[in-house]
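A look at the structure
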Amino acid sequence: MNGVFGAGCYNSTLALYSTEISGVLMPFYGPNEGITQIKFSGDGNRLYCGSRRENEIYCFDTRYNGEVLRTFTREVETNQRIEFDIDPSDSVLVTGNTSGHVTLYDLSCDQSRGVDF
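Residues numbered from 1 in each chain as written. Predicted model: local features only at pLDDT ≥ 70, side-chain atom pairs only at ≥ 80, totals over all residues. Heavy atoms only, no water.

A word on the sheet that holds strand 4 (residues 35–40). Read across the open sheet, the four strands follow the order 4-5-6-7; overall the sheet is antiparallel. The open sheet has two edge strands, strand 4 and strand 7 (68–73), and neither has a second partner. Direction aside, the axes of adjacent strands within the sheet are offset by 20° on average. As paired elements, strand 5 (residues 46–51) and strand 6 (residues 56–61) share four bridges and run antiparallel to each other. Directly across from Cys 49, in strand 6, lies its bridge partner Tyr 58. (Pairing = 2+ DSSP bridges. Helix = DSSP H or I, 4+ residues; strand = E, 2+ residues; numbered from the N terminus. Axes fitted to C-alpha atoms, helices over the stretch in contact; angles between N-to-C directions.)

The next thing to look at is the confidence of the model for the protein. Interpretation of the predicted coordinates at a detailed level should be avoided for regions scoring low in pLDDT. Looking at the protein as a whole, its pLDDT mean stands at 89, while 96% of the residues score no less than 70. Across the protein, element-level confidence peaks in strand 8 (residues 84–86) with a mean pLDDT of 96 and bottoms out in strand 11 (residues 115–116) with 75. (pLDDT = per-residue confidence, 0-100.)

Here we have four strands laid out as an open sheet, ordered 8-9-10-11, and antiparallel in their pairing. A single partner strand is all that each edge strand has here, and the edge strands are strand 8 and strand 11. Where strand 9 (residues 92–96) and strand 10 (residues 102–106) come together, five bridges link them in antiparallel fashion. Residue pairing for strand 10: Thr 95 is matched across the bridge by Thr 103.

With a phi angle near 75°, Ser 12 is a residue other than glycine that sits in the positive phi range. Along the chain, Ser 12 falls in the loop between strand 1 (4–8) and strand 2 (14–18). Backbone geometry at Asp 90 places phi at a positive 60°, although glycine is not the residue there. Among the structural elements, Asp 90 can be located in the loop between strand 8 and strand 9.

Let us now look at the side chain of Thr 103. Tracing the sequence through the fold places Thr 103 in strand 10. Given the relative accessible area of 5%, Thr 103 is considered buried. (Buried < 20%, exposed > 50% of the residue type's maximum accessible area, 1.4 Å probe, protein only.)

Here is the structure:
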């Protein structure tokens, strides 16, 4: 995905842009609160998005009109930035939450339930 980047905003706008042309390449719809973090998968086919005061991390398909592929539940009760990360093999998503737990999700299957620590 040379020359393509994603950007999110506190007004809940999320989109792909190009360094080659002006304007939005692909908008994404789902989050209702301010975007606090976005992250591409290693192959660039998925875009993950976290928001303040939103109990889900969204996973979008960057190839097919920004379709929501999956969501990952976490507890976010404040405006604080609660971050997430994906391991280098794109097989595990890990996120914190406002109750002090860490949750791991297996990205290699469609299981939507995480393991809390």
